[in-house]
Structure formats: structure tokens, C-alpha cells
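# Structural overview for review
Next come the chains, spelled out residue by residue.
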Amino acid sequence: MENFSNHQTRKTEEQLLVLHEKLRKITRGTHPNLEEIELIKQRIRKVLPSVDTGKALPYKKTLSGRIQILQMSYTRSQTDELIETEIDHLKFFARTVAELGLELEILTNGKSRGDIEQELGKDEYQALQYTIIESQKPVWKWAEDGVEYLENGRVAILNPFNDQLLQWAMTESRRHRWTGKIDQENLEEALLNDHLWIPLGISVNAVKMGLERECPAQIKGQDICHLRAYIEGGNMITGEDRTGKPVIIIGKDAIGATVYIYQLNDDDVRQIICEDFGLESIEQVICVEQPGQFHLDMGMLFMGNGLVIVNESRKILKDALEMAEIAPCLTTEKMAAKLKLQYKLEEQAVKDLEAAGLEVRRETLANNVLYNFFNGEFVEGKDGYNYYITNGGPQEQEEKFKTLMVEQWKVVKKVIFSPKDAAHKSLQEKGGVGCRIKGKHK
């Protein structure tokens, strides 16, 4: 039987869809009635749910997060076949957690549980502390995106929206923000074929992941609450500024989608986020342009204490522009156009961060599916030192990144890279190590 909470969220979803259809019909008319339009917008704004989070912060993803529990998901294919990439990541996380003295929580369902028990029953995992949580609903491998664990112990999930409404809202926000970044023809193509340019971050809604997360949380006796802004986990990074004050960096896709869905403005949405997470001021909610990526954690790394590393694609763009000039064709010209958009969005992200008083450093730490070191997780080992878990890549690039993190910046004792083949296949699916695990406290 459907519970009261699910009934209410579905009713809200239907209300929003009906009201937006009315609004669209009126605004497209020959002589739109402005008073009627405003009345409908007011009705849309009233659909916004009340706060139910207890006004607590999500766990930090910066060095100060002191993460000691990693939560991951494991699942077979839809046809119930074992997937090599998934089992490889299970092995990697298990070995890493055992090595560092952490704890591993694995969300799974059905026959997938047998794979876990067979693998983790091996002698090499004797030191591993792990828990298997079985869900009756389908499990999604991107553990980062569908849930936020709050410092008050509650589990925050996303309110569902109509898929088409959410897609429209995020696309319109991009249209407004990206006009002038590239020529109009390429802009329209980037908006129409986002999966070929910069995908929309709307997957959590598409797979109804909130319902998946609700069941295991209830089994563990945790209170369920809801995020009112459409924020997928990888597009929000909680940390602190130079003074130690909590701040949350949020991608503008999330802000913009919520603006259009509820007919608000940016500051209204920042206030909603403040209320949900118990922040004192909207200045603590930092809205940042997508750095050429659908989620922030694919193009920037929040180290903490007001320092953010942002990708630098200048050289890659230069090479693409030269190639388009030497061998002009549709393929080289489109690649140059895509990288031009990525570069301009990275530049805007830097401006947004600096305007908020954060220090920004630029490093080329991501290159399509070849490597991505932004996407990872800071954890605290049993020895009290910080470690960073991320995607494997070419050895030369791994060595450069390791030198930065361990020797130059001296922020972690060790960088732990996933197996290169598994990382490559995962990045081809638009996600990496940081998308597959979610940090929690003991």
C-alpha cells in the first residue's frame, strides 16, 4: 500500500504539471492575460512543500569531512547478468575500505546479493567491516546522487517531478545562461542534444531514485526527509570557507531548474536551500556555473577552507581549434565548438567562485573518458590521516596528480586510484568513483 508521504509527493507532482500546462497555454496565446498569468504563478509557488529536514547540514565532502563510512550500490544488469565494471568496483572499494580501516555499506537487491557474499567471503577480505542492505526496489549504481545524509541523522531524498517538466526547466535555464557563450546554431544543438554535449543532470528523477533510497533508510530506522530544490548529489558540494563557516557550492543547473519549476528567482531558491540545511545567510549558498560538466564533482574539487580546484581545458581547446583549422570537417568543428563551450563555462565557474570569496586554482585533472581526478572522495583512515579515492588513469597523469596532492599541496597521505580499465568504462557511462560512493560518519 502507498504511504501518505508518497501519496502527497505524487499529488504535488501532478499539481505542478497541471499548473504549468495552464501557464504555457496562456502565455502562448495571442493576447495573454497578465493578471491570470501572475495568479497561476502564485499558485505554483504555493505548491512548494514545507521544510522537513530538521534544518541540518549534509556531510561535508572536503578534507574536514572526516568520512569513515562509504556507502555504495551494487547491482546486476536488467537481464540479471553480472557486469564486470560493477564487480570490479565492488572489489576495489572492499579492498580500499579494508586497507584504511573504514566501514562499507552496500545497497543491493535480488540475486545481486549472492555476488557480494561470494566475493567478500574470500580470505583477503577478513579485515573488512561491511553491511549489506537489501532493497525490494531496483538499485541504481550512482550512490552519490539520490540522497543526502544529514548531520542530524536524517536521510534527505529528492521530491519527484514530472520528467518532461524537469527537462524543460533545466533546459530553459541553460538557454538563459548560455546565450552568447557560443553561436546560436551550436547553442540550440547543445540544448536539443544535451547527451552529445553536456548531459542534463536529471537521472535521479528519471529512475525515481528517491523511492529506492527510502526503503533501506526505513529498514534502518532513519527518518526520511526531502530536498525541495532539485539537487542531485554530484551537483552539490558541502564544505567551509576560509573562516571555517559552512558553505554549499551548488551548480546553476540545480538552481535554474528549481527557479523555473516553482516560478521563483535565484535568491528565493538559495533561501529554500538555507532553510533546508539550517544556514544563516543565502551568501553561504554559492551558485556556480556547470564547469563544462553535468555535475560539479566532474569538473571541480572543493579542498575545503575556501580553496577550490577547477579544471583547465585551455590547451585541449587550443589543440581542437588547430585541428579544425588543419582538417576542417563536421567532426573537428563540432569538437572545437563543444570544447569552446566547456572552456567558457569553466571560466564562468571560476568567476562565480571568486565572487563568493573562494580561492581558485586551475589544473587539468580531467580529460573526457581518459581520466578524471576531480571525481572522488576524501576519507579519514584509522591512522587519523586523510586519503583521497579517485578514478585510475594513464600512469603519467596519476603520478602528476599524486605529486600535487601528496607532495606539493600536502593535503593527503595517499591517493588511491581505481583500476584503469574499470575507471575508463565507468567514465564512458558518465560517472566515476565519486559517483559510486557516498560518505557518511560513524
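Because the structure is predicted, anything quoted here is derived from the model rather than measured.

Taken together, the three strands give an open sheet; going across it, the order is β15-β16-β17, and neighbouring strands pair in mixed fashion. The strands lining the two open edges of the sheet, one partner per strand, are β15 (376-380) and β17 (414-417). Sheet twist, expressed as the average angle between the axes of neighbouring strands with direction ignored, equals 25°. Pairing of β15 with strand β16 (residues 386-390), which is carried by five bridges, proceeds in the antiparallel orientation. Among the inter-strand pairings, Glu380 is bridged to a residue of β16, identified as Asn386. Across the sheet, helix α3 (residues 84-100) lies against β15, β16 and β17, angled at about 160° from β17, the strand it touches most. Sitting on the sheet, helix α13 (residues 395-408) touches β15, β16 and β17, and the angle it makes with β17 is about 150°.

On to helix α10 (residues 266-277), then. Because the α-helix completes a turn every 3.6 residues, residues three or four places apart line up on one side. When the terminal C-alpha atoms of α10 are compared, their 17 Å separation across twelve residues agrees well with the 16 Å that a helix rising 1.5 Å per residue should span. Listing the buried residues of α10 in full gives Val269, Arg270, Ile272, Ile273, Cys274, Asp276 and Phe277. For α10, the secondary structure elements touched by its buried residues are β6 (224-227), β7 (236-240), β8 (246-251), α9 (252-262) and β9 (285-288). Where α10 begins, the side chain of Asn265 points an oxygen toward the backbone nitrogen of Asp267, at a separation of 3.1 Å. Gly278 occupies a position one or two residues after α10 and carries a positive phi of about 70°.

With respect to the helices, strands and loops of the structure, His226 is situated in strand β6. A distance of 2.9 Å separates polar atoms of two side chains, one belonging to His226 and the other to Asp52.

Reading guide: rules and limits
- Residues numbered from 1 in each chain as written.
- Predicted model: local features only at pLDDT ≥ 70, side-chain atom pairs only at ≥ 80, totals over all residues.
- Heavy atoms only, no water.
- Pairing = 2+ DSSP bridges.
- Helix = DSSP H or I, 4+ residues; strand = E, 2+ residues; numbered from the N terminus.
- Axes fitted to C-alpha atoms, helices over the stretch in contact; angles between N-to-C directions.
- Contact = heavy atoms within 4.5 Å.
- Expected span 1.5 Å × (residues − 1).
- Buried < 20%, exposed > 50% of the residue type's maximum accessible area, 1.4 Å probe, protein only.
- Polar contact = N/O pair within 3.5 Å; in protein donor to acceptor, adjacent residues only side chain to side chain.

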